[in-house]
Amino acid sequence: KDKVVVVLEQRVYIYQFADLKLLDALETISNPKGLCALAPQETTILICPDKEKGKMRIKNYETGNEIITKCHESNLSHIALNLDGTLVATSSDKGTLIRIWETGQGTMIKELRRGADKAEIFSIAFDKTNQWLATTSDKGTVHIFSLTVKGSKQAQNSSPKAVENSDDSKAKNPRSMYKQKYFQVFLYEKTRSQLF
């Protein structure tokens, strides 16, 4: 916890906490939601939108490694890191898909379908074991997905259940999108609060 991050509409500033010395400044696409994620544990990994639509920047301040990845065709609407900074989840303005990425290489390891209708994603959160991911939206629902992975290495060798969520499998079986293994909780009031 030795860095402070300030997010403006088109720039992200990273300061050293002790003396507020400027360490880095990153340009982004227009970011009115202030999208940015910082690993809450020791590894200093920062995720923010890049300068192009649908792209995210992954920057590791321990190794100096920086990756820019195309996540979605439309603008990003939410970014969420897991506790140890190994996985990041993204959603777009469409709100139909949530994609899970490995932060070390910037590769997608899983795709989750929230639904077929457009929705505004309010929040995304991993649980501390990386076995579950939850999201809320303006549909008044909470979706909880089983990730069936505990880290990036296992995720790259994901089980057949993860493949069921791919575009290829849905093309072969259009009804598969309705067979997602998640619990749907109907809320009496729409909320923007974090799930965990």
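Scroll up to find the structure.
This one's a predicted model, so the numbers in the text were calculated from it and none came from an experiment.

**As for the sheet that holds strand β7 (residues 66-70)**
Hydrogen bonds between backbone atoms are what pair the strands of a sheet, whose relative direction is either parallel or antiparallel.
Thought 1: Spatially, β4-β5-β6-β7 is the arrangement adopted by the 4 strands of the open sheet, whose pairing is antiparallel. Two strands lie at the open edges of the sheet, namely β4 (37-38) and β7, each paired on one side alone.

**What to know about the nonpolar core**
Thought 1: One finds Ile47, Met56, Ile58, Leu76, Ile79, Leu81 and Val88 to be the most contacted residues of the largest nonpolar core, which totals 14 residues.
Thought 2: Here this core gets 3 residues from one element, more than from any other, and that element is strand β8 (residues 76-81).
Thought 3: Dropping the residues within four chain positions of it, Leu76 is found in contact with Leu35, Pro49, Gly54, Lys55, Met56, Cys71, Thr90, Ser91, Ser92 and Asp93.
Thought 4: Of all hydrophobic cores here, the second largest spans 13 residues; its members include Ala89, Ile98, Ile109 and Ile121.

**Details of unusual backbone geometry**
Thought 1: Phi angles above zero are rare outside glycine, and Leu20 is one such case at about 60°.
Thought 2: Position of Leu20 relative to the elements: it lies in the loop between β2 (11-16) and β3 (22-27).
Thought 3: Residue Asn130 is not a glycine yet carries a positive backbone phi of 65°.

Criteria and cut-off values
Residues numbered from 1 in each chain as written. Predicted model: local features only at pLDDT ≥ 70, side-chain atom pairs only at ≥ 80, totals over all residues. Heavy atoms only, no water. Pairing = 2+ DSSP bridges. Helix = DSSP H or I, 4+ residues; strand = E, 2+ residues; numbered from the N terminus. Core = buried A, V, L, I, M, F, W, Y, C linked by side-chain atoms within 4.5 Å. Buried < 20%, exposed > 50% of the residue type's maximum accessible area, 1.4 Å probe, protein only. Contact = heavy atoms within 4.5 Å.

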